[in-house]
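Residue-level listing of the chains:
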Amino acid sequence: MGLAVDWRDTKYRDTFAEELRGLERRRAQDRCTVADLEGVLLHLYQMDGADWVGRGEVQDITMAATIAAYECFIAEWKAAQSP
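Residues numbered from 1 in each chain as written. Predicted model: local features only at pLDDT ≥ 70, side-chain atom pairs only at ≥ 80, totals over all residues. Heavy atoms only, no water.

### Digging into the environment of Ala 17
Worth spelling out the cut-off: Strands here mean DSSP runs of E at least two residues long; helices mean DSSP runs of H or I at least four residues long; both are numbered from the N terminus.
For Ala 17, the position within the fold is in helix α1 (residues 2–28). Residues Ala 17 and Arg 27, spaced ten residues apart in sequence, show a C-alpha to C-alpha distance of 15 Å.

What follows is the structure, encoded as structure tokens:
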């Protein structure tokens, strides 16, 4: 059982970190705004909610980590902008 939990945690952490790196690159290259990322996040929420048939465990973990990374990145960007 411990091994099964470990791969899930590893997948989540790896996906979260990978998404954050990608978002940081996009921001550094001035290719996006907070509004752009909020639009992507809205789309991710819709995709997550449209899982009627079932993606499977790996894709569920990937989606959860991706959404969390966007939420975190957007919140930190907004916090850095406020005085």
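### Some details on the side chain of Thr 15
Keep this limit in mind: Polar contacts, as used here, are pairs of N or O atoms within 3.5 Å; protein pairs need one atom able to donate a hydrogen and one able to accept it. Residues neighboring in sequence count only if both atoms are side-chain atoms. By the convention used here, residues are in contact when the closest approach between their heavy atoms is within 4.5 Å.
Position of Thr 15 among the secondary structure elements: in helix α1. A distance of 2.8 Å separates a polar atom in the side chain of Thr 15 from the backbone oxygen of Lys 11. Ignoring anything within four residues of it in the chain, the contact list for Thr 15 reads Thr 62, Ala 65 and Thr 66.

### A short note on the side chain of Thr 62
Looking at where Thr 62 falls in the secondary structure, it is placed in helix α3 (residues 57–81). The residues contacting Thr 62, other than those within four sequence positions of it, are Lys 11 and Thr 15.

### Some words on unusual backbone geometry
As a reminder of what qualifies: Accessibility here uses a 1.4 Å probe with only protein chains present; expressed as a share of the type maximum, an area under 20% marks a residue as buried, one over 50% as exposed, and anything in between as partly exposed.
Positive phi outside glycine occurs at Asp 30, with the angle close to 55°. Along the chain, Asp 30 turns up in the loop between α1 and α2 (34–49). Using a relative accessible area of 65% as the deciding quantity, one classes Asp 30 as exposed.

### Comments concerning the confidence of the model for the protein
Residues shown with low pLDDT carry predicted positions that ought not to be read at fine detail. Quick reminder of the rule: pLDDT measures the predictor's confidence residue by residue and takes values from 0 up to 100.
Residue-level pLDDT values for the protein average 90, and 93% of them are 70 or greater. Taking the mean pLDDT of every element in the protein, the minimum, 90, falls on α1 and the maximum, 95, on α3.

### Observations concerning the packing of aromatic side chains
This is how it is decided: Note on ring pairs: Phe, Tyr and Trp rings are taken, using the six-membered ring of Trp, and paired if centres are within 6.5 Å. Classes follow the plane angle, with under 30 degrees stacked, over 60 edge-to-face and the rest tilted.
What the rule picks out here adds up to two aromatic pairs. Note on Tyr 12 and Phe 16: the rings are 6.4 Å apart at their centroids and 10° apart in plane angle, and the pair reads as stacked. Placement of the pair is Tyr 12 and Phe 16 together in helix α1, with a separation of four residues, close to one helical turn. We classify Tyr 12 as partly exposed; its relative accessible area is 31%.

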